[in-house]
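Close look at the chain arrangement
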Amino acid sequence: MDADELARFLAGSPDRRRLLAQLRTEPGAPSDVADALAISHRSVQRNLAELVERGLAEKRHGVYTLTTVGELVADRHAAYLDTLTTLGEYEQFFRHLPDVDHTPDPELLRDADGAVATATYPQAPVDHYLDVLESYSADRIRMVSPVLSRQFHRVHAKHVLGGTETDLVLSTETIETARSLNPAEFAVVLRVDGFSLFRYPGDVAFGLTLGDDWVVVNAYDGDGQLQASVSGDDPEFVEWGEAVYERYRSKSTRVDPSGYDLPFGRR
C-alpha cells in the first residue's frame, strides 16, 4: 500500500473519511452504513469496494468491518483530523508563539479554554487570563513573562497577599525598564513576603503562569500586546508547562532586594 496514494484516497472524498470513521465505530451492511451516514447506497457500495481493494476493510456475510490495518489507519487519521481541528481553533495562539520549543502539543489543548484578541474585543485574552487567576487558587505560582503589565497587578497582588508564594522570571531588559520607570515602587515590591523576582539573561517572548495543577500560556505580538491566552488543567499540559518554566528558571538568577534602595520612611 503506497502511503501517498492512500493519503490522496482519503483526502479525495469526505464520504470516504466518514465511511472509515463509521466502520471504526460500528461494522455494518451497506444499507445500514448508508442510512447512518445519510449517503446514497450507490456511493457507499463504491467506497466500500475501494476500502476492501486497499485492504482497509473486509466483507463477511454481507457485513463490512475494518481490517487490522484499517483500524490503525482509521485511528491515526482521526487523530490527524483532531490535530488539524485544534490547530485551526487555536491558530492565532500558535501564530504568536515564538517557536515550536514554546508550543504545546495541539493534543494537549483539546480540553483547554482560551480567548484571542479581535477587532471588536481586543481585551479578550487579558480578561481570560484575569478570570483564570481569579478562579483558581494555588499554594505557589510560577511565571515567565515578556512584559510587566499593570493590568495583572491587582490579581497577582491578591494571591501574594493571600499567602501564595510567587516566582516571576523576567528578562534583564524588562527588569531594568521597570526599575527605571518607578524605582521606589520597584524596591518595595521586591521586599514583599512570598514574592521572588528572577533575572533571565536572554529574551523572553511568551508568557507562562503555573499554579499547583493548572497552567496558562500567553502569546504576544512583537509590540508586547497579548494576542491569545490558553489555559487548562490537563496533567500533561501542566507537565509541559513545568518543563518550559524550568528551562527559564534554571538559567536565571534571583534579584537581591538589598541592591535596590527603599524610599525614605520605608526601611
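Our subject in this report is the structure included herewith. Just so it is clear, the structure is predicted and the values come from calculations on it, not from any experiment.

Remarks on the overall build of the chain
- Within the chain, the regular secondary structure consists of 11 helices and 10 strands.
- A compact globule built from 267 residues should have a C-alpha radius of gyration of about 18 Å, whereas the chain, at 26 Å, is more than 25% larger.
- Considering only contacts within the chain whose residues lie at least 6 apart along the sequence, 66% involve residues at least 24 apart.

Comments concerning the side chain of His96
- Within the secondary structure, His96 is located in the loop between α6 (91-95) and β3 (113-116).
- His96 gets classed as buried once you look at its relative accessible area, which sits at 17%.
- Of note is the side chain of His96, whose polar atom sits 3.0 Å from the backbone oxygen of Gln92.
- Residues within four places of His96 in sequence aside, it is in contact with Ala219, Tyr220, Asp221 and Gln227.

Things to note about a negative patch on the surface
- On the surface, Asp111, Asp113, Asp139, Asp212, Asp213 and Asp233 cluster together into a negatively charged patch.
- Summarising the element assignment, Asp113 is placed in strand β3.
- You can call Asp113 partly exposed: its relative accessible area is 49%.

Concerning the packing of helix α2 (residues 14-25) against helix α4 (residues 41-53)
- The N-to-C vectors of α2 and α4 enclose an angle of 75°; their axes lie 10 Å apart at closest approach. It follows that α2 is roughly perpendicular to α4 by the angle criterion. Between α2 and α4, the contacting residues are Asp15, Arg16, Leu19, Leu20 and Leu23 on the first element and Ser43, Val44, Asn47, Leu48, Glu50 and Leu51 on the second.
- Class assignment of the residues belonging to the contact of α2 with α4 gives a composition of six nonpolar, two polar and three charged.

Re the sheet that holds strand β9 (residues 226-232)
- Read from one edge to the other, the open sheet built from eight strands follows the order β3-β9-β8-β7-β4-β5-β6-β10, with strand pairing classed as mixed. On the outer flanks of this sheet lie β3 and β10 (253-254), each paired with one strand and no other.
- Sheet topology places strand β6 (residues 195-200) next to β10; two bridges connect them, and they run antiparallel. Paired with Arg199 across the two strands is Thr253, which belongs to β10.
- Each of β3, β4 (140-144), β7 (206-210), β8 (215-220) and β9 is contacted by helix α7 (residues 124-135), which is oriented at about 30° to β9, the strand it contacts most.
- Its contacts with the sheet put helix α11 (residues 235-249) on β4, β5 (165-171), β6, β7, β8 and β9, and the angle it makes with β7 is roughly 115°.

Examining the environment of Ile141
- Residue placement: Ile141 occurs in strand β4.
- Note: C-alpha distance between Ile141 and Val63 (78 residues apart in sequence) is 56 Å.
- In contact with Ile141, other than residues within four places in its own chain, are Leu133, His159, Thr164, Glu165, Thr166, Asp167, Thr209, Leu210 and Trp214.

Concerning the pairing of strand β2 (residues 63-66)
- Because side chains alternate across β2, one face comprises the buried residues Tyr64 and Leu66, and the other comprises Val63 and Thr65, none of which is buried.
- Both strand β1 (residues 57-60) and β2 contribute to a ladder of four bridges, which runs antiparallel. Bridged to Glu58 within β2 is Thr65.
- What sits between the antiparallel neighbours β1 and β2 is a turn of two residues, in which His61 has the positive phi angle 55°.

Description of the pairing of β7
- Here β7 lies mainly inside the structure; five of its five residues are buried.
- Joining the antiparallel neighbours β7 and β8 is a turn of four residues.

Quick notes on the pattern of salt bridges
- Enumeration over the complete set of coordinates arrives at 14 salt bridges.
- For the salt bridge of Asp167 with Arg140, the shortest nitrogen-to-oxygen distance reads 3.0 Å. Of this pair, Asp167 sits in strand β5 while Arg140 sits in strand β4, and the two are 27 residues apart along the sequence.
- Taking relative accessible area as the criterion, Asp167 reaches 4% and is therefore assigned buried.
- The class for Arg140 is partly exposed, based on a relative accessible area of 33%.
- Residue Arg142 pairs with Glu242 through a salt bridge whose shortest N-O separation is 3.6 Å. With Arg142 in strand β4 and Glu242 in helix α11, this residue pair connects regions lying 100 residues apart in the sequence.

Analysis parameters
In this numbering scheme, every chain counts its residues from 1 along its sequence in written order. Per-residue local features of the predicted model are confined to residues with pLDDT of at least 70, and side-chain atom pairs are confined, for both listing and counting, to 80 or more; whole-chain, interface and lining totals are unaffected and use all residues. Note: side-chain values were computed over all heavy atoms of the structure, leaving out hydrogens and water. Strands are runs of DSSP state E lasting at least 2 residues, helices are runs of H or I lasting at least 4, and numbering of each runs from the N terminus. Restricting the calculation to C-alpha atoms gives the radius of gyration, and the globule rule supplies 2.2 Å times the number of residues raised to the power 0.38. Residues count as neighbours in contact if any of their non-hydrogen atoms are within 4.5 Å of one another. Only protein chains enter the area calculation, which uses a 1.4 Å probe; residues under 20% of their type maximum are buried, those over 50% are exposed, and those in between are partly exposed. Under this definition, polar contacts are N or O atom pairs within 3.5 Å; protein pairs additionally need one hydrogen-donor-capable and one acceptor-capable atom, and for neighbouring residues in sequence, both atoms have to be side-chain atoms. Any residue with relative accessible area above 30% and no salt bridge may belong to a patch, with like charges joined within 9 Å and the nonpolar Val, Leu, Ile, Met, Phe, Trp and Tyr side chains within 5 Å. Here the open area of atoms and residues is found with the Shrake-Rupley method and a 1.4 Å probe, where only the protein chains shown may cover a residue. Salt bridge, as used here, is a side-chain nitrogen of Lys or Arg placed within 4 Å of a carboxyl oxygen of Asp or Glu. Charge convention: Lys and Arg are scored as positive, Asp and Glu as negative, and His as well as the terminal groups of each chain are ignored. Positions of charges follow a simple convention, taking NZ of Lys, CZ of Arg, CG of Asp or CD of Glu. Note on geometry: axes are lines fitted to C-alpha atoms, helical ones only across the stretch in contact, with angles between N-to-C directions running from 0 to 180 degrees. Geometric relationships in this document are graded by angle, where less than 35 degrees denotes roughly parallel, more than 145 denotes roughly antiparallel, 65 to 115 denotes roughly perpendicular, and other angles denote oblique. Gly counts as polar in this scheme, as do all residues outside two lists: the nonpolar Ala, Val, Leu, Ile, Met, Phe, Trp, Tyr, Cys and Pro, and the charged Asp, Glu, Lys and Arg. Pairing between two strands is assigned when DSSP locates at least 2 bridges connecting them.

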